[in-house]
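A structural walkthrough
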Amino acid sequence: MKIEHVAVWVNDLENMKHFYTTYFNGQANDKYTNARKQFESYFISFESGARLEIMRKQGVDNTPSDTMVGLAHIAFSTGSEEAVDELTERLKKDGYSVVNGPRVTGDGYYESVVEDPEGNLVELTV
């Protein structure tokens, strides 16, 4: 088996689509809209075959917290330590918050962690 996709509720659908397509080379499908349910979403596909569904629905507006139970982060393998460094610096320069790193973790990963536009944690790793 493989994970087909992970879904995340968002507030600003277009901004989140821009973030994941711009910095992670994702390809978004056409927006799906269900006016009756006040729901809209994009599936963003990545080179590995994994997909991220970003969704917005009227009334869903809780914000993430580092102490909540649930999805902790999304990790993207960049392929090299240099790529982790470069993408981290690019995101920082573009105004995104770098939570930590780049660094070698206690379990041997080379990584950094950044926040996407809505505060979800995104890990950049080798």
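For the structure itself, consult the block above.
This report concerns the structure included in the present document. Treat the numbers as computed from the prediction; the structure is a model and nothing was measured.

**Quick notes on the nonpolar core**
Of all hydrophobic cores here, the largest spans 23 residues; its most connected members are F19, Y20, F24, I54, L91, V122 and L124. Listed by contribution, the elements that provide at least two residues to this core are α1 (13–23), β4 (39–45), β5 (51–57), β6 (74–77), α2 (81–93), β8 (110–115) and β9 (121–125). Take this core: its biggest share by element is 5 residues, from α1. V122 has contacts with F19, Y20, F24, I74, F76, S112, V113, V114 and D116, leaving out every residue within four places of it along the chain.

**Re the sheet that holds β9**
One open sheet accounts for 4 strands, arranged β6-β9-β8-β7; its pairing is mixed. In this open sheet, the two strands that pair with only one neighbour each are β6 and β7 (98–104). With direction set aside, neighbouring strand axes in the sheet form an average angle of 20°. Against the sheet, α2 contacts β7, β8 and β9, and its axis sits at roughly 20° relative to β8.

**What to know about the environment of I3**
The residue I3 is located in the segment before β1 (5–9) in this model. Residue I3 is classed as exposed on the basis of its relative accessible area, which comes to 66%. Separated by 54 residues in the primary sequence, I3 and K57 place their C-alpha atoms 24 Å from one another.

**A short note on the pattern of salt bridges**
Two side chains with opposite charge may pair up if their charged atoms get near one another. Applying the stated criterion across every chain, the model contains 6 salt bridges. We note a salt bridge from E40 to R56, for which the minimum N-O separation is 2.0 Å. One end of the pair, E40, is in strand β4; the other, R56, is in strand β5, and 16 residues separate them in sequence. When its relative accessible area of 14% is taken as the criterion, E40 is described as buried. Classification of R56 by relative accessible area gives partly exposed; the value is 29%.

**Points about a negative patch on the surface**
On the surface, a cluster of negative charge is contributed by E81, E82, D85 and E86. Note that D85 resides in helix α2. Relative accessible area serves as the criterion here: at 32%, D85 is assigned to the partly exposed category.

**Observations concerning α1**
Regarding α1, the residues found buried are L13, M16, F19, Y20 and Y23. All buried residues of α1 fall inside an arc of 140° around its axis, so they share one side. Packed against the buried residues of α1 are β4, β5, β6, α2, β8 and β9. One or two positions beyond α1, positive phi appears at N25, with a value near 55°.

**Points about the pairing of β6**
The two faces of a sheet get side chains in turn, since along a regular strand they alternate between them. Across the two faces of β6 the burial differs, with I74 and F76 buried and A75 and S77 not buried at all. Where β6 and β9 come together, 4 bridges link them in parallel fashion. Considered in β9, the bridge of I74 is made with V122.

Conventions we followed
Residues numbered from 1 in each chain as written. Predicted model: local features only at pLDDT ≥ 70, side-chain atom pairs only at ≥ 80, totals over all residues. Heavy atoms only, no water. Core = buried A, V, L, I, M, F, W, Y, C linked by side-chain atoms within 4.5 Å. Buried < 20%, exposed > 50% of the residue type's maximum accessible area, 1.4 Å probe, protein only. Helix = DSSP H or I, 4+ residues; strand = E, 2+ residues; numbered from the N terminus. Contact = heavy atoms within 4.5 Å. Pairing = 2+ DSSP bridges. Axes fitted to C-alpha atoms, helices over the stretch in contact; angles between N-to-C directions. Salt bridge = Lys/Arg side-chain N within 4 Å of Asp/Glu carboxyl O. Patch = residues over 30% accessible without salt bridge, like charges linked within 9 Å, V, L, I, M, F, W, Y side chains within 5 Å. Areas by Shrake-Rupley, 256 points an atom, 1.4 Å probe, with all protein chains shown as cover. Lys, Arg positive; Asp, Glu negative; His and termini not counted. Charge placed at Lys NZ, Arg CZ, Asp CG, Glu CD. Arc of directions from axis to C-beta.

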